[in-house]
Amino acid sequence: MRLVGFLLLLQVSGSAHSRCFCQVTGELDDCACDVETIDGFNNDQLFPKLQTLLESDYFRFYKVNLNKPCPFWKAGNHCGLKDCAVQPCSPNEVPAGIRSASHNKYSAEANEQLDECEEAEHLGAVDVSLSDETRQVLSDWSKHDDEAERFCVVDDEASPDLQYVDLLLNPERFTGYKGPEAWQIWNSIYEENCFKPFSIKRPLNPSVFQSSSGSEGSAFYSWLEGQCVEKRAFYRLVSGLHASINIHLSARYLLDDSWFQKKWGHNVSEFRQRFDSELTGGEGPKRLRNLYFLFLIELRALAKALPFFQQTSFQLYTGWPEKDREHKEMLLDILRLARSFPLHFDETSLFGGDEKEAAKLKEDIRLAFLNITRIMDCMGCFKCRLWGKLQTQGLGTALKILFSKQQIEALPTSSVQRPSFQLSRQEIVSLLNAFGRISTSIRELKNFRRLLAEEP
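A short tour of the structure in this document, coming up. Remember, it's a predicted structure, so these values are computed and weren't measured experimentally. (Residues numbered from 1 in each chain as written. Predicted model: local features only at pLDDT ≥ 70, side-chain atom pairs only at ≥ 80, totals over all residues. Heavy atoms only, no water.)

**Here we look at the overall build of the chain**
So, step 1. Each helix and strand counted, the chain has 19 helices and four strands in total.
So, step 2. Relative to its full complement of 456 residues, the chain shows a buried share of 52%.
So, step 3. Put simply, 80% of the contacts in the chain that link residues at least 6 apart link residues at least 24 apart.
So, step 4. Surface accessibility of the chain: about 21,800 Å² in total, with carbon and sulfur atoms responsible for 52%. (Helix = DSSP H or I, 4+ residues; strand = E, 2+ residues; numbered from the N terminus. Buried < 20%, exposed > 50% of the residue type's maximum accessible area, 1.4 Å probe, protein only. Contact = heavy atoms within 4.5 Å. Areas by Shrake-Rupley, 256 points an atom, 1.4 Å probe, with all protein chains shown as cover.)

In structure tokens, the structure reads:
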């Protein structure tokens with residue numbers, strides 16, 4: 001199989017620069033937007049601002065449990081490759097304000113009096129009058145409400161198994177993790193969680209690659225186009241996420257691993273193997289178009305989340321008031337820019353028709369994506385697990401925002417009132433970093449186009 005792939009690569013490499021397969025153009029399916037508009041908006045306006053924000057303390061430290069057992073099958077031994085390892089933070093490396101977990105629970109005035117509030121165990125006058133039993137019931141209700149809205153698993157922040165990871169020191173890149181175990185992850189996602197009957201063969205499914213044919217690809221897309229817009233969108237989101245991850249791995253590939261240096265950079269051959277139309281049976285360009293669809297969905301979620309982040313009670317709390325205010329304004333500037341995008345995805349086109357049927361379909365999709373986030377705990381590579389959990393959690397948070405219109409519109413004007421919509425710090429950090437990964441992928445496509453054009 002490897003020899004066949006290599007020969008195909010040699011066959012098409014000479015002409016790749018004259019027929020740039022990654023030059024995706026035109027309108028996207030189920031959208032009123034085109035690729036060119038997204039390229040200009042992301043590369044020229046959004047990407048630089050977003051990268052600066054993600055380097056700030058609030059967004060670079062992600063709290064995650066990387067030691068959860070796989071809930072679906074007996075996972076093999078953890079990856080022994082050194083590049084699969086994740087280096088967690090020691091307690092003194094994480095800003096005290098982040099460790100205090102007061103990012104969005106208190107008003108600006110309360111944050112200024114944090115020590116005094118902590119001594120009082122953050123209990124207000126009303127809470128003091130409640131019995132422990134009643135307080136626990138209210139806590140359980142709140143937890144149930146949060147979980148009922150979520151499209152992703154969020155690790156319990158009170159768990160001792162959670163650790164802080166500095167995302168800038170543990171970047172997403174090629175680790176060498178591949179083969180049957182890695183493909184089992186994606187096969188489980190596509191074959192068991194994308195509403196596809198087993199009789200319909202997915203194009204380039206590794207388990208049936210030798211028997212794959214153009215007719216199977218045609219049958220798959222005929223089936224997909226016959227599905228409701230919601231299920232088509234779900235598949236395109238998963239495919240777009242897969243494409244984005246593959247672009248990251250191709251753009252930060254280990255090019256040189258000598259005893260005195262490690263060199264990471266763009267691997268055009270790897271990129272071509274994953275996306276060239278001839279090497280992928282026409283799948284590559286479809287995957288790239290799904291990446292743009294994913295961008296639109298998450299961009300729309302950011303735009304809709306603006307009222308939540310505009311609340312005076314919301315703080316990007318790290319313990320450094322001046323920087324916190326600066327970074328909040330930077331975040332709001334990005335969200336306002338997202339809102340100004342002229343061709344947003346129209347989420348009202350989803351879950352229409354009969355109210356009961358729409359509610360059931362929405363719940364089916366929520367549970368399917370929730371399942372996908374659990375599959376991330378089956379990865380043997382810890383760095384892949386880290387970024388897989390973050391990006392699926394970020395997309396799950398975007399879906400939660402997208403379908404919480406009424407709750408967001410009902411946000412209280414006073415910090416005394418109980419908010420109708422909430423996001424945990426994990427959700428906020430994953431939302432922005434996940435979108436940062438997609439934004440980076442679209443920017444990297446521009447780099448790969450240039451590199452392909454420069455080839456002799």
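After that view, the rundown keeps rolling.
**Quick word on helix H9 (residues 180-193)**
Think of an α-helix as turning once every 3.6 residues; residues three or four places apart then point the same way.
So, step 1. For H9, spanning 14 residues, the distance from its first C-alpha to its last is 19 Å, which sits close to the expected 20 Å at 1.5 Å a residue.
So, step 2. A maximum bend of about 25° is found in H9 at Asn187.
So, step 3. Along H9, the residues classified as buried are Ala182, Ile185, Trp186, Asn187, Ser188, Ile189, Tyr190, Glu191 and Asn193. (Expected span 1.5 Å × (residues − 1). Bend = angle between axes of the 7 residues up to and from the residue.)

**Overview of helix H12 (residues 268-275)**
So, step 1. In terms of burial, H12 is largely enclosed, as six of its eight residues are buried.
So, step 2. Of all the positions in H12, only Val268, Glu270, Phe271, Arg272, Arg274 and Phe275 are classed as buried.
So, step 3. Among the residues of H12, the N-terminal cap falls to Asn267, whose side-chain oxygen and the backbone nitrogen of Ser269 are separated by 3.1 Å. (Polar contact = N/O pair within 3.5 Å; in protein donor to acceptor, adjacent residues only side chain to side chain.)

**Details of the packing of helix H2 (residues 35-54) against helix H15 (residues 321-339)**
So, step 1. Viewed as axis vectors pointing N to C, H2 and H15 meet at an angle of 160°, and their least axial separation amounts to 10 Å. The angle between H2 and H15 falls in the class roughly antiparallel. Remark: the crossing between H2 and H15 carries left-handed chirality. On H15, the residues touching Phe41, Gln45, Leu46, Lys49, Leu50, Thr52 and Leu53 of H2 are His327, Met330, Leu331, Asp333, Ile334, Leu337 and Ala338.
So, step 2. Taken together, the residues of the contact of H2 with H15 break down into nine nonpolar, three polar and two charged. (Axes fitted to C-alpha atoms, helices over the stretch in contact; angles between N-to-C directions. Parallel < 35°, antiparallel > 145°, perpendicular 65-115°, else oblique. Left-handed = near helix turned anticlockwise from the far one by under 90°. Nonpolar A, V, L, I, M, F, W, Y, C, P; charged D, E, K, R; others polar.)

**Things to note about the packing of aromatic side chains**
The way to describe two aromatic rings as a pair is by their centre distance and the angle between their planes.
So, step 1. Enumeration according to the criterion identifies 20 aromatic pairs in this entry.
So, step 2. Taking 4.2 Å as the distance between ring centres and 20° as the angle between the ring planes, the aromatic pair formed by Phe174 and Tyr253 counts as stacked. Placement of Phe174 in the loop between strand S2 (163-166) and H9 and of Tyr253 in strand S3 (residues 253-257) is noted, with a sequence separation of 79 residues between them.
So, step 3. Pairwise contacts between aromatic rings join Trp186, Tyr190, Phe220, Tyr221, Trp223 and Tyr235 into one cluster.
So, step 4. The ring of Phe421 has Lys400 lying over it, and the distance from NZ or CZ to the ring centre is 5.5 Å.
So, step 5. The aromatic ring of Trp387 is capped on one face by Arg437, whose charged end is 5.5 Å from the ring centroid. (Phe/Tyr/Trp six-rings, centres within 6.5 Å; stacked < 30°, edge-to-face > 60°. Lys NZ or Arg CZ within 6 Å of the ring centre and 35° of its normal.)

**A few points about the pattern of salt bridges**
So, step 1. Within the structure shown, the criterion is met by 22 salt bridges.
So, step 2. Where Arg236 meets Asp29, a salt bridge forms, and the shortest distance between an N and an O atom there is 3.5 Å. A residue pair is termed long-range when its members are at least 10 positions apart, and Arg236 in helix H11 (residues 229-251) and Asp29 in the loop between helix H1 (2-13) and H2 qualify at 207 residues.
So, step 3. Classification of Arg236 by relative accessible area gives buried; the value is 4%.
So, step 4. A salt bridge links Glu172 to Arg437, with the shortest nitrogen-to-oxygen separation between them at 3.1 Å. (Salt bridge = Lys/Arg side-chain N within 4 Å of Asp/Glu carboxyl O.)

**Describing the environment of Arg60**
So, step 1. In this structure, Arg60 sits in helix H3 (residues 57-60).
So, step 2. Each residue touching Arg60, except ones within four places of it in the same chain, is listed here: Leu54, Glu55, Val165, Asp166, Leu167, Leu168 and Leu169.

**Examining the pairing of strand S1 (residues 61-64)**
So, step 1. Residues of S1 alternate between two faces, with Phe61 and Lys63 on one and Tyr62 and Val64 on the opposite face, all of them buried.
So, step 2. Relative to S2, S1 runs antiparallel, the two sharing four bridges. Directly across from Val64, in S2, lies its bridge partner Gln163. (Pairing = 2+ DSSP bridges.)

**Here's the deal with empty space enclosed by the protein**
If a probe as big as a water molecule is rolled over the atoms, it shows which places are left empty.
So, step 1. Tallied over the entire structure, the rule returns three cavities of 30 Å³ or more.
So, step 2. Taken together, Glu230, Ala233, Phe234, Leu237, Ile297, Leu350, Phe351, Ile365, Leu399, Leu402 and Phe403 form the lining of the largest cavity.
So, step 3. Every element with two or more residues in the lining of the largest cavity is listed here: H11 and helix H17 (382-402).
So, step 4. With four residues, H11 is the largest single contributor of residues to the lining of the largest cavity.
So, step 5. Here the lining of the largest cavity is composed, by residue class, of 10 nonpolar, no polar and one charged.
So, step 6. What the second largest cavity holds in volume is close to 80 Å³.
So, step 7. Around the second largest cavity sit Tyr62, Val153, Asp155, Thr373, Arg374, Asp377, Lys389, Thr392 and Gln393, which together line it.
So, step 8. Among the secondary structure elements, those contributing two or more residues to the lining of the second largest cavity are helix H16 (355-375) and H17. (1 Å grid on protein atoms, 1.4 Å probe; cavity = no way out; pocket = protein on both sides within 12 Å on 5 of 7 lines; lining within 4 Å. Points joined across faces, edges and corners; volume = space filled by probe spheres on them.)

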